[in-house]
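Each chain, letter by letter, is given below.
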Amino acid sequence: MCEEQLSFESLEEIDFKKMLKTEKFDYFENQKSILNTELSNICKGISQSYGIKYLTFSVENSKLGDGKIENHTHAVSVSLSSTFAIRIYLKQNLFRIEYRKKLHKFLNLSNGVIVKEMKSFPDSMILDFDYKSELFFETCKIVLQQALEQYEPNEYFGCCGKYIQCSDEKKCLHEDLFYAKACYYKRNLEAGRIFYGENRNV
């Protein structure tokens with residue numbers, strides 16, 4: 001009776017470090033693709049909800065960390081008009097959200113979200129999530145929506161051509177959030193001061 005001979009590849013011929021590195025790199029690239037796609041969809045959804053055209057989604061960089069997978073980073077930033085809103089980092093084993101510190105008091109974050117201050121940038125806060133966290137993309141949406149709500153333009157104007165309609169409705173009717181936030185008359189309406197139309201009280 002002949003015994004079957006089992007042949008095994010010599011362990012010396014298998015580069016386990018290279019194999020692991022390749023698997024990690026593939027996983028990193030997959031997470032990068034997911035991040036870009038999901039954030040792009042979030043930005044499109046918020047832009048449609050708020051009727052804005054100036055929500056800019058851009059891939060900032062993808063660094064290969066001197067060839068070491070543990071040093072790989074990928075960053076995506078979202079800007080409101082020309083103003084920084086949030087920056088998302090993809091690292092070896094986590095997602096990170098960076099946003100301005102002044103925005104933090106307006107956020108209603110879920111339990112379990114860990115908040116940290118950035119030592120290198122004292123006016124910024126960070127939130128870290130592992131790849132499997134179900135809270136990450138929902139938190140991105142929350143932070144971005146509040147960045148929109150708290151956005152302040154660099155320049156203002158008196159009012160637009162809708163000032164009569166706005167006065168009659170006692171609120172700003174302009175469909176573009178960014179444009180409306182630059183209107184001084186919008187602030188007067190919100191304070192109850194109406195200068196024109198049937199509801200004039202000043």
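Quantities reported herein were computed from a predicted structural model and do not represent experimental measurements.

Engineer: How should I be thinking about the overall build of the chain in this particular structure?
Structural biologist: Within the chain, the regular secondary structure consists of five helices and six strands. When the helices and strands of the chain are placed in sequence order, the string is α-β-β-β-β-β-β-α-α-α-α. In the chain, buried positions account for 36% of the 202 residues. Counting only contacts in the chain whose residues sit at least 6 apart along the sequence, the fraction spanning at least 24 positions is 55%. For the chain, the computed accessible surface area is about 13,200 Å², with 49% contributed by carbon and sulfur atoms.

Engineer: Is there a simple way to think about the nonpolar core in this case?
Structural biologist: Most often, soluble globular proteins have nonpolar side chains that are buried together. Judged by nonpolar contacts, the single largest core of 35 residues is most densely connected at Tyr 99 and Leu 144. Contributions of two or more residues to this core are made by helix 1 (16-50), strand 2 (73-80), strand 3 (83-90), strand 4 (94-100), strand 6 (124-130), helix 2 (136-149) and helix 4 (177-181). Sort the elements by how many residues they give to this core and helix 2 lands first, with seven residues.

Engineer: How should I be thinking about unusual backbone geometry in this particular structure?
Structural biologist: Residues apart from glycine generally show negative phi values, whereas peptide bonds are mostly found in trans. For Lys 170, which is not glycine, the phi dihedral falls at a positive 65°. Turning to its location among the elements, Lys 170 is positioned in the loop between helix 3 (163-169) and helix 4.

Engineer: What am I meant to see in the pattern of salt bridges here?
Structural biologist: Oppositely charged side chains may form a pair once their charged atoms are brought near each other. The tally for this structure, following the rule as stated, stands at seven salt bridges. The salt bridge involving Lys 116 is made with Asp 128; its shortest N-O contact spans 3.3 Å. Linking Lys 116 in strand 5 (residues 114-117) with Asp 128 in strand 6, this pair joins segments that are 12 residues apart in sequence. Glu 152 is the salt-bridge partner of Arg 187, the closest N and O atoms lying 2.9 Å from each other. Taken as a pair, Arg 187 in helix 5 (residues 184-190) and Glu 152 in the loop between helix 2 and helix 3 lie far apart in primary sequence, 35 residues in all. For Glu 152, a relative accessible area of 43% corresponds to the partly exposed category.

Engineer: Where do I start with the environment of Ser 110 in this structure?
Structural biologist: Examined against the element boundaries, Ser 110 turns out to sit in the loop between strand 4 and strand 5. With 25 residues separating them in the primary sequence, Ser 110 and Leu 135 have C-alpha atoms 7.7 Å apart.

Engineer: I'm lost on the environment of Tyr 179 in this one. Help?
Structural biologist: Inspection of the secondary structure assignment puts Tyr 179 in helix 4. Under the relative-accessibility criterion, Tyr 179 is labelled partly exposed at 38%. Note: C-alpha distance between Tyr 179 and Tyr 156 (23 residues apart in sequence) is 9.1 Å. Aside from chain neighbours lying at most four places away, what touches Tyr 179 is Phe 157, Cys 160 and His 174.

Engineer: Looking at this structure, how should I read helix 2?
Structural biologist: Two residues of an α-helix separated by three or four positions point the same way, owing to the 3.6 residues in each turn. With 14 residues, helix 2 ought to run about 20 Å at 1.5 Å a step, and its terminal C-alpha atoms sit 20 Å apart, in line with that. Of the residues making up helix 2, those classed as buried are Phe 136, Thr 139, Cys 140, Ile 142, Val 143, Leu 144, Ala 147 and Leu 148.

Engineer: How do you make sense of the confidence of the model for the chain when you look at a structure like this?
Structural biologist: Detailed reading of the predicted model is not advised wherever pLDDT is low. Chain-level pLDDT for the chain is 79 on average; 80% of the residues reach the 70-or-more range. The secondary structure element of the chain with the lowest average pLDDT is strand 1 (residues 55-63), at 64, and the one with the highest is helix 3, at 94.

Engineer: Got a minute to help me understand the packing of aromatic side chains in this structure?
Structural biologist: Note on aromatic pairs: each is described by the distance of the centres and the angle between the planes. In total, this model carries 10 aromatic pairs according to the counting rule given. An angle of 55° between the planes, with centres 6.0 Å apart, marks the rings of Phe 95 and Phe 137 as tilted. One end of the pair, Phe 95, is in strand 4; the other, Phe 137, is in helix 2, and 42 residues separate them in sequence. What makes Phe 137 partly exposed here is its relative accessible area of 21%. Between Phe 195 and Tyr 196, the aromatic rings sit 6.4 Å apart at their centres with planes inclined by 50°, giving tilted as the arrangement. Classification of Phe 195 as partly exposed rests on a relative accessible area of 30%. Note on Tyr 196: relative accessible area 33%, which makes it partly exposed. Feature note: the residues Phe 95, Phe 129, Phe 136 and Phe 137 constitute an aromatic cluster, connected by ring pairs. The aromatic ring of Tyr 89 is capped on one face by Lys 91, whose charged end is 5.7 Å from the ring centroid.

About the cut-offs
Residues numbered from 1 in each chain as written. Predicted model: local features only at pLDDT ≥ 70, side-chain atom pairs only at ≥ 80, totals over all residues. Heavy atoms only, no water. Helix = DSSP H or I, 4+ residues; strand = E, 2+ residues; numbered from the N terminus. Buried < 20%, exposed > 50% of the residue type's maximum accessible area, 1.4 Å probe, protein only. Contact = heavy atoms within 4.5 Å. Areas by Shrake-Rupley, 256 points an atom, 1.4 Å probe, with all protein chains shown as cover. Core = buried A, V, L, I, M, F, W, Y, C linked by side-chain atoms within 4.5 Å. Salt bridge = Lys/Arg side-chain N within 4 Å of Asp/Glu carboxyl O. Expected span 1.5 Å × (residues − 1). pLDDT = per-residue confidence, 0-100. Phe/Tyr/Trp six-rings, centres within 6.5 Å; stacked < 30°, edge-to-face > 60°. Lys NZ or Arg CZ within 6 Å of the ring centre and 35° of its normal.

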